[in-house]
Amino acid sequence: MNLSGLLSQFLAIMAALLLAPLLTGWVNQWRAWLQNRSGPGLLQPYRMLRKLFIKESVVAESASPLFRMAPYVAFGCMLLSCAIIPTLSTDLPLSPAADAIALVGLFAMARVFMALAAMDIGTAFGSLGARREMLIGFLAEPALLSVLFTASLISQSTALTEIVENLAHRDFVLYPSLAFAGIAFCLVSFAENARVPVDNPTTHLELTMIHEALILEYSGRHLALIEWAISLKLFAYSCIGLALFFPWGIAEAQAPVALILAIPAMLFKLAIGGFLLALIETLCAKMRIFRVPEFLATAFLMAVIGMLTHFLLGS
Amino acid sequence: MDNLITQLINLFAAVILMLAFAMLSQRRILTLIHLFTLQGLTVVASTVAVAYVTHQHHLYYSAALTLALKCFLIPYLLHRLINRLNVRWDIETLINIPTIMLIGIVLVVFSFNLALPIAKLSASIARGTLGIAIACFLLSFMMMITRAKAVPQVIGFLSMENALFFAATSATYGMPMVVELGIALDVLVGVLILGVFMFQIREQFDSLDISHLEKLKED
């Protein structure tokens, strides 16, 4: 571990913490524009976070310590996953702590705690949301793992930093298997981030909400942490997508100049990605919940075919 | 440069397989026709790429023929057909779609395994894509089997022809021109005849459900 490694690690964490709400704001802004509304402004997520942190946090009488703990666990999981994803540089001292498989585990842990906390209060909506969330989760995880495995097969490593180093800094090669993995990854990230074809992030309608039902009982700083964790999750998923499929611009180890250039590159890629997300969300209609298994089965299938294509066409 | 184009051919092959799966999972006839047109375009693109790398001029002609036929004429005929039959939306599948997809994976594994030893015998640049071509062939075949209505079955038949054409291009740089012209005409005439057939089926049974054809007598 050296100074430049520490610096790039620190930069990566700070970028995630500060830019994640901005990305959410950017997506919401574009969603509003595309739907002919005037948007709430790019900085709205920051204002909401400040408001929620100032407000008093009200907890139900029947809540156990688990309920108070869950927001911190979720936030911690998301922050750690943002720290090990190579967003700006592949020189991350924390990255040996968790590889791609552990990353999926981190997402799963956050999800399990949120689901348990939602059930903890004992309201009907909480357990309804928790069940739906776990339904989506158990279908999305194998697909996400297969996507990451496809990338690992190409670069012979499950560490995200090494995958990116292999993809970004070698000769340019077109990988057909990554095309399949890319589509599968898009489908999975819509499901995991509670985006429109699967779940509407702005709805509060009992029958259709999945994610909102989970956090209905939270308020004050707990809700702020959860909202921040949701933004971090969107940021983390966008960065995994960018790192696997558009890895150009991410700095190597021992390259301070590239590290400075990596920041505008990442902002540019995230801006385009956020716009595309808003566009797809506007163009799609929300699915019935019983269509979701079919949607995620397609994602899993695409990812598996990606792996098979890798073996057939070689590299 | 040639290396990059070879990779491009592999990428096109992957896109064709992806579109075959998309067609397999599609519920709407109109989208099915759009997917079929896209698949035709991808086949044309990969044929042009093979022709460019190998300097086989007759492949340009067959690509042009495929473009005219499968991207313009046949989709146009299909659009007219579904407008006149008034069946733009619904398709029922005989097995539910996730199961079809899982069987699809098995078919892909089977054909990839089947193609590996064959591809070793071939010397063409796109030999790796033979497995994908076989997989697309089997998937279109399964689409014909699992659909209850006549129009999706015809589209399945046409996409099977796409897969065969792609297999011929990737394994042996295409068939002789005479054979290709013959097949193209066959497909065109096939679509016309099947179109007439569909009108007859609907006249007779008031629906396009093929299972009515199993009855031999009026009851």
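Everything discussed here concerns the structure shown above.
An account of the accompanying structure is given in this report. (Residues numbered from 1 in each chain as written. Chains lettered and ligands numbered in written order. Predicted model: local features only at pLDDT ≥ 70, side-chain atom pairs only at ≥ 80, totals over all residues. Heavy atoms only, no water.)

## Regarding the overall build of chain B
Within chain B, the regular secondary structure consists of 7 helices and 0 strands. Counting from the amino terminus, chain B carries its helices and strands in the arrangement α-α-α-α-α-α-α. Over its C-alpha atoms chain B spans a radius of gyration of 18 Å, differing by no more than 12% from the 17 Å that the globule rule assigns to 219 residues. Summarising its shape, the C-alpha atoms of chain B cover approximately 65 × 35 × 30 Å along the three principal directions. Here chain B, with 219 residues, has 52% of them falling under the buried criterion. Residue pairs in contact within chain B that sit at least 24 positions apart in sequence constitute 76% of those at least 6 positions apart. Carbon and sulfur atoms make up 68% of the accessible area of chain B, which amounts to about 10,500 Å² in all. (Helix = DSSP H or I, 4+ residues; strand = E, 2+ residues; numbered from the N terminus. Rg over C-alpha atoms; globule rule 2.2 N^0.38 Å. Buried < 20%, exposed > 50% of the residue type's maximum accessible area, 1.4 Å probe, protein only. Contact = heavy atoms within 4.5 Å. Areas by Shrake-Rupley, 256 points an atom, 1.4 Å probe, with all protein chains shown as cover.)

## Some remarks on the interface of chain B and chain A
Between chain B and chain A, the contact holds 22 residues from the first and 19 residues from the second. If you look at where chain B meets chain A, you find 1 salt bridge. Here Arg27(B) makes a salt bridge to Glu294(A), at a shortest N to O gap of 3.1 Å. At the boundary of chain B with chain A, the tally comes to 1 residue pair in polar contact (both at pLDDT 80 or more). Only α1 (2-25), α4 (97-121) and α5 (130-146) of chain B provide two or more residues apiece to the side of chain B that touches chain A. Looking at the side of chain B that touches chain A, the element that brings in the most residues is α1(B), giving 9 residues. Taken together, the residues that form the side of chain B that touches chain A break down as 16 nonpolar, 5 polar and 1 charged. (Salt bridge = Lys/Arg side-chain N within 4 Å of Asp/Glu carboxyl O. Polar contact = N/O pair within 3.5 Å; in protein donor to acceptor, adjacent residues only side chain to side chain. Nonpolar A, V, L, I, M, F, W, Y, C, P; charged D, E, K, R; others polar.)

## Looking at the pattern of salt bridges
When the charged atoms of two side chains lie near each other, side chains of opposite charge can form a pair. Residue and element names in this part refer to chain A. Overall, the coordinates contain 8 salt bridges over all chains when judged by the stated rule. Arg111 is the salt-bridge partner of Glu141, the closest N and O atoms lying 3.1 Å from each other. Here Arg111 lies in helix α4 (residues 100-121) and Glu141 lies in helix α5 (residues 124-155), a separation of 30 residues in the sequence. Assessed through its relative accessible area of 5%, Arg111 is described here as buried. Linking Arg195 and Glu281 is a salt bridge whose minimum nitrogen-to-oxygen distance equals 2.9 Å. Taken as a pair, Arg195 in the loop between α7 (176-192) and α8 (211-214) and Glu281 in helix α10 (residues 256-283) lie far apart in primary sequence, 86 residues in all. The residues Arg195 and Glu281 share a single accessibility class, namely buried. Residues joined by salt bridges that share partners form a network here, namely Arg111, Glu133, Glu141, Glu192 and Lys233.

## Side note on the packing of helix α2 (residues 29-54) of chain B against helix α3 (residues 57-85) of chain B
Residues and elements named next belong to chain B. The N-to-C vectors of α2 and α3 enclose an angle of 175°; their axes lie 8 Å apart at closest approach. As summarised for this structure, α2 and α3 are arranged roughly antiparallel, according to the angle between their axes. Looking at side-chain class alone, the contact of α2 with α3 contains 19 nonpolar, 8 polar and 1 charged residues. (Axes fitted to C-alpha atoms, helices over the stretch in contact; angles between N-to-C directions. Parallel < 35°, antiparallel > 145°, perpendicular 65-115°, else oblique.)

## Let's talk about the nonpolar core
Among the nonpolar cores identified, the biggest contains 156 residues, and Phe235(A), Leu17(B) and Phe21(B) are the most heavily contacted of them. Of the residues forming this core, the biggest block, 16 residues, is contributed by helix α9 (residues 220-245) of chain A. Not counting residues within four places of it along the chain, the set of residues in contact with Phe21(B) comprises Leu301(A), Met302(A), Ile305(A), Met101(B), Gly104(B), Ile105(B), Val108(B) and Leu139(B). Of all hydrophobic cores here, the second largest spans 8 residues; its members include Ala49(B), Val50(B), Ala51(B) and Tyr173(B). (Core = buried A, V, L, I, M, F, W, Y, C linked by side-chain atoms within 4.5 Å.)

## Notes on the packing of aromatic side chains
Counting across every chain of the model gives 10 aromatic pairs over all chains. Relative to Phe275(A), the ring of Trp30(A) has its centre 4.7 Å away and its plane inclined at 70°; by these criteria the two rings are edge-to-face. Note that Trp30(A) is positioned in helix α1 (residues 3-34) and Phe275(A) in helix α10, a separation of 245 residues in sequence. You can call Trp30(A) partly exposed: its relative accessible area is 22%. We classify Phe275(A) as partly exposed; its relative accessible area is 27%. Each residue in the set Trp26(A), Trp30(A), Trp33(A) and Phe275(A) is aromatic and connected to the rest through ring pairs, giving one cluster. The ring of Phe165(B) is capped by Lys70(B), whose NZ or CZ atom sits 5.1 Å from the centre of that ring. (Phe/Tyr/Trp six-rings, centres within 6.5 Å; stacked < 30°, edge-to-face > 60°. Lys NZ or Arg CZ within 6 Å of the ring centre and 35° of its normal.)

## Details of the side chain of Arg147(B)
Tracing the backbone shows Arg147(B) in the loop between α5 and α6 (150-172). For the buried Arg147(B), no salt bridge is present, and the opposite-charge side chain at shortest range is Glu294(A), 9.3 Å distant. Polar side-chain contacts of Arg147(B) include one of 3.4 Å to the backbone oxygen of Met23(B). (Lys, Arg positive; Asp, Glu negative; His and termini not counted.)

## Focus: unusual backbone geometry
Phi angles above zero are rare outside glycine, and Gln156(A) is one such case at about 60°. Secondary-structure assignment places Gln156(A) in the loop between α5 and α6 (160-168). You will see that His55(B), though not glycine, has its phi angle at about 55°, which is positive. If you trace the backbone, His55(B) turns up in the loop between α2 and α3.

## Section: the side chain of Thr169(B)
Residues and elements named next belong to chain B. As for its position among the elements, Thr169 is in helix α6. Engagement of the side chain of Thr169 in a polar contact is seen with the backbone oxygen of Phe165, the distance being 2.7 Å. In contact with Thr169, other than residues within four places in its own chain, are Thr47, Val50, Leu59 and Gly174.

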